[in-house]
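One-letter residues, chain by chain:
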Amino acid sequence: MTPTTSLISDPANMSNRIRQVYNHLAGSKPTMSSETWDDVPLAPPDSIFKLTAAYKADAFPQKVNLGVGAYRDDNNKPWVLPVIKKATQILLNDPNLDHEYLPITGLPEFTAGAVKLILGADSPAIAEGRAVSVQTISGTGANHLGALFLSRFYQWDAPKQIYLSNPTWANHHAIFKNVGIQPVDYPYYDPATIGLDFDGFIGTLQSAAPRSVFLLHACAHNPTGVDPTRDQWKDIAEVIIAKNHYAFFDCAYQGFASGDLNNDAWAVRYFVEKGVPMLVCQQSFAKNAGLYGERIGALHIVPPTKDAADRVKSQLSVLQRSEISNPPSYGARLVSLILNDSALFADWNRDIKTMAERIIFMRNELYRLLTEELETPGSWVHIINQIGMFSFTGINPSQSQALIDTFHIYLTANGRISMAGLNTHNIRYFAESLDKVVR
């Protein structure tokens, strides 16, 4: 009888042999457990949200939060725009309102109104059918979708990279890295003047390889509050055209900067008028409509022909479908009502002016306190020369930390403050505290 025949004829022997084989295999190779994610590194908390959490936990009665980029009224309260309240009531009383899916590229009435707002109702790009618009998850989603589209379809002559101003909104770096585009700095802020390093900016535009991609802040540069003049924008456009670069505009503060929607869109419209290649514009309604939590924004791309626009929109639809399927409807319906109703639009313009003028008043008052009453060392004219929600104070990280530790004034380490966090009740305390750390 062969060994095999013996095993078959004797079930007990077969069972023992199977057990031996199993034990041998089990002993030679460790048993793999299910994934426990032990090797995932702990990410640091977001600096702005960490700052806000520290502010909320602080029991000091005179604490001031100048870190978060959200508008506050003179009583340091979130302000729901009166026009938003009106539009909300209209929606609530609409018997035909439903909760069906929006189209993949968003609410058509919203995107049609949004593109007119940024490009101008008489824009040749709109008239010629060359403007492609997609509703996005606020400005962050517009940046991401625009970055993803570039990563997939831009004809890169060199490694995928985008020039970002130094400094820029911190999230820009992560957004582009996540889609395989490497951020590269271009000079923008000059610490010596606390203003624009225009020569450095233009020099980089001129020296960069042809067809390079540059991200530009349309108005109210975040985080510096330093914008080019109109003449400087013209020079920038001229170099971009000569070098065949690609302009990637981020417009998070239209209307919020100067109080005038048209004025704040000037650079974007000028670039379209001059035919700057493949303009991309990221548009947010978080700041200028106070709809921070509704995440309502739009991406606009302006190709040179309608045929190209149709192809671009088809691919944006595919990308959007795979990521969010359909954008949310509530914020889009609110903004759509405002953009497409002349009375509501007029109300919105007044609300925007109210916010912008309060911030401008805070800039003037801070400048007055520092220069006239306190005679704080240094020049503070940059406070009134800068524009929009943020201001680069020019103080260093140790002085910023002193404001936090000693005076309970919360701001970022680079000295950036949100002017919207100042009001008539706390501006003197801030000015006196700033004076002390500077001295």
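See the structure printed just above.
Rules used in this analysis
Residues numbered from 1 in each chain as written. Predicted model: local features only at pLDDT ≥ 70, side-chain atom pairs only at ≥ 80, totals over all residues. Heavy atoms only, no water. Pairing = 2+ DSSP bridges. Helix = DSSP H or I, 4+ residues; strand = E, 2+ residues; numbered from the N terminus. Axes fitted to C-alpha atoms, helices over the stretch in contact; angles between N-to-C directions. Phe/Tyr/Trp six-rings, centres within 6.5 Å; stacked < 30°, edge-to-face > 60°. Buried < 20%, exposed > 50% of the residue type's maximum accessible area, 1.4 Å probe, protein only. Lys NZ or Arg CZ within 6 Å of the ring centre and 35° of its normal. Core = buried A, V, L, I, M, F, W, Y, C linked by side-chain atoms within 4.5 Å. Contact = heavy atoms within 4.5 Å. Parallel < 35°, antiparallel > 145°, perpendicular 65-115°, else oblique. Nonpolar A, V, L, I, M, F, W, Y, C, P; charged D, E, K, R; others polar. Left-handed = near helix turned anticlockwise from the far one by under 90°. Lys, Arg positive; Asp, Glu negative; His and termini not counted. Salt bridge = Lys/Arg side-chain N within 4 Å of Asp/Glu carboxyl O. Polar contact = N/O pair within 3.5 Å; in protein donor to acceptor, adjacent residues only side chain to side chain. Right-handed = clockwise from strand over helix to strand, strands pointing away.

S.K.: Run through the sheet that holds strand E4 (residues 182-187), naming residues and quoting values.
M.R.: Spatially, seven strands are ordered E2-E10-E9-E8-E7-E3-E4 in an open sheet, and the strand pairing comes out mixed. The sheet is open, and its two edges are formed by strand E2 (132-137) and E4, each paired on a single side. On average, each strand axis in the sheet is inclined to that of its neighbour by 25 degrees, with strand direction left out of account. Judged from the six bridges that link them, E2 and strand E10 (residues 296-302) form a sheet pairing that is antiparallel. Note that in E10 the partner of valine 134 across the bridge is leucine 299.

S.K.: I'd like a rundown of the packing of aromatic side chains, residues and numbers included.
M.R.: In total, this model carries 22 aromatic pairs according to the counting rule given. For the ring pair tyrosine 154 and tryptophan 156, a centre distance of 5.0 Å and an interplane angle of 75 degrees mean the geometry is edge-to-face. For the pair shown, tyrosine 154 and tryptophan 156 are each scored as buried. Ring geometry for tyrosine 163 versus phenylalanine 214: centroids 4.4 Å apart, planes at 5 degrees, classification stacked. Placement of the pair is tyrosine 163 in strand E3 (residues 161-166) and phenylalanine 214 in strand E7 (residues 213-217), with a sequence separation of 51 residues. Comparing tyrosine 163 with phenylalanine 214, the two get one shared label, buried. Grouping aromatic residues by their ring pairs yields a cluster made of Tyr71, Trp79, Tyr253, Phe256 and Phe390. The ring of tyrosine 55 has lysine 63 lying over it, and the distance from NZ or CZ to the ring centre is 4.5 Å. For the cation-ring pair, arginine 416 lies above phenylalanine 390, with the distance from its terminal atom to the ring centre recorded as 3.8 Å.

S.K.: So, helix H12 (residues 266-273): which residues are in play, and what are the values?
M.R.: By the criterion of burial, H12 is predominantly enclosed, with six of the eight residues buried. For H12, the full list of buried residues reads Trp266, Ala267, Val268, Tyr270, Phe271 and Val272.

S.K.: So what about the nonpolar core? Which residues, and what values?
M.R.: Counting 62 residues, the largest nonpolar core has Phe110, Phe285, Trp348, Leu366, Leu403 and Phe430 as the members making the most contacts within it. Top contributing element to this core by residue count: helix H15 (residues 342-373), with nine residues. Not counting chain neighbours up to four residues away, the residues in contact with phenylalanine 110 comprise Gln135, Phe285, Ile296, Gly297, Ala298, Ala332, Val335, Ser336 and Leu339.

S.K.: Any chance you could break down the packing of helix H5 (residues 108-119) against H12 for me, citing the residues and the numbers?
M.R.: Think of two packed helices as two axes; the pair is described by the angle between the axes and how far apart they sit. Interhelical geometry of H5 versus H12 gives an angle of 90 degrees and a closest axis separation of 8 Å. What the angle tells us is that H5 and H12 run roughly perpendicular. On H12, the residues touching Lys116, Leu117, Ile118 and Leu119 of H5 are Val268, Arg269 and Val272. A per-class count over the contact of H5 with H12 returns five nonpolar, no polar and two charged.

S.K.: Explain the packing of helix H17 (residues 397-407) against helix H18 (residues 427-438) to me, and be specific about the residues and the numbers.
M.R.: For the pair H17 and H18, the least separation of the axes is 10 Å and the interaxial angle reads 125 degrees. By the angle between their axes, H17 is oblique relative to H18. Between H17 and H18 the crossing geometry is right-handed. Two secondary-structure elements touch here, H17 through Gln399, Ala402, Leu403 and Phe407 and H18 through Tyr429, Phe430, Ser433, Leu434, Lys436, Val437 and Val438. Here the contact of H17 with H18 is composed, by residue class, of eight nonpolar, two polar and one charged.

S.K.: An account of the side chain of aspartate 264 is needed here, citing residue identities and associated values.
M.R.: The residue aspartate 264 is located in helix H11 (residues 261-264) in this model. Although buried, aspartate 264 forms no salt bridge, and the nearest oppositely charged side chain, arginine 230, lies 7.7 Å from it. A polar contact is formed between the side chain of aspartate 264 and the side chain of serine 258, at a distance of 2.7 Å. Beyond its immediate chain neighbours, meaning those up to four positions away, aspartate 264 contacts Ala218, Cys219, Tyr253, Gln254, Gly255, Phe256, Ala257, Ser258 and Gly259.

S.K.: Could you give an account of the environment of alanine 87, with specific residues and numbers?
M.R.: Checked against the element boundaries, alanine 87 lands in helix H4 (residues 82-92). Taking relative accessible area as the criterion, alanine 87 reaches 0% and is therefore assigned buried. Between the C-alpha atoms of alanine 87 and serine 336, which are 249 residues apart in sequence, the distance is 9.4 Å. Leave out the neighbours within four places in its chain, and alanine 87 touches Leu334, Leu337 and Ile338.

S.K.: Lay out the side chain of asparagine 143 in plain terms, naming residues and giving numbers.
M.R.: By secondary structure assignment, the location of asparagine 143 is in helix H7 (residues 138-153). What makes asparagine 143 buried here is its relative accessible area of 0%. Of the polar contacts made by the side chain of asparagine 143, one reaches the side chain of aspartate 250; its length is 3.1 Å.

S.K.: Break down the pairing of E3 for me, with residues and values.
M.R.: Where E3 and E4 come together, six bridges link them in parallel fashion. Following the sheet pairing, glutamine 161 is matched in E4 by glutamine 182. Handedness of the crossover joining E3 and E4 through helix H8 (residues 170-177): right-handed. Where E3 meets E7, two bridges bridge the pair, whose relative direction is parallel. Looking at E7, one finds that tyrosine 163 is bridged to phenylalanine 214.

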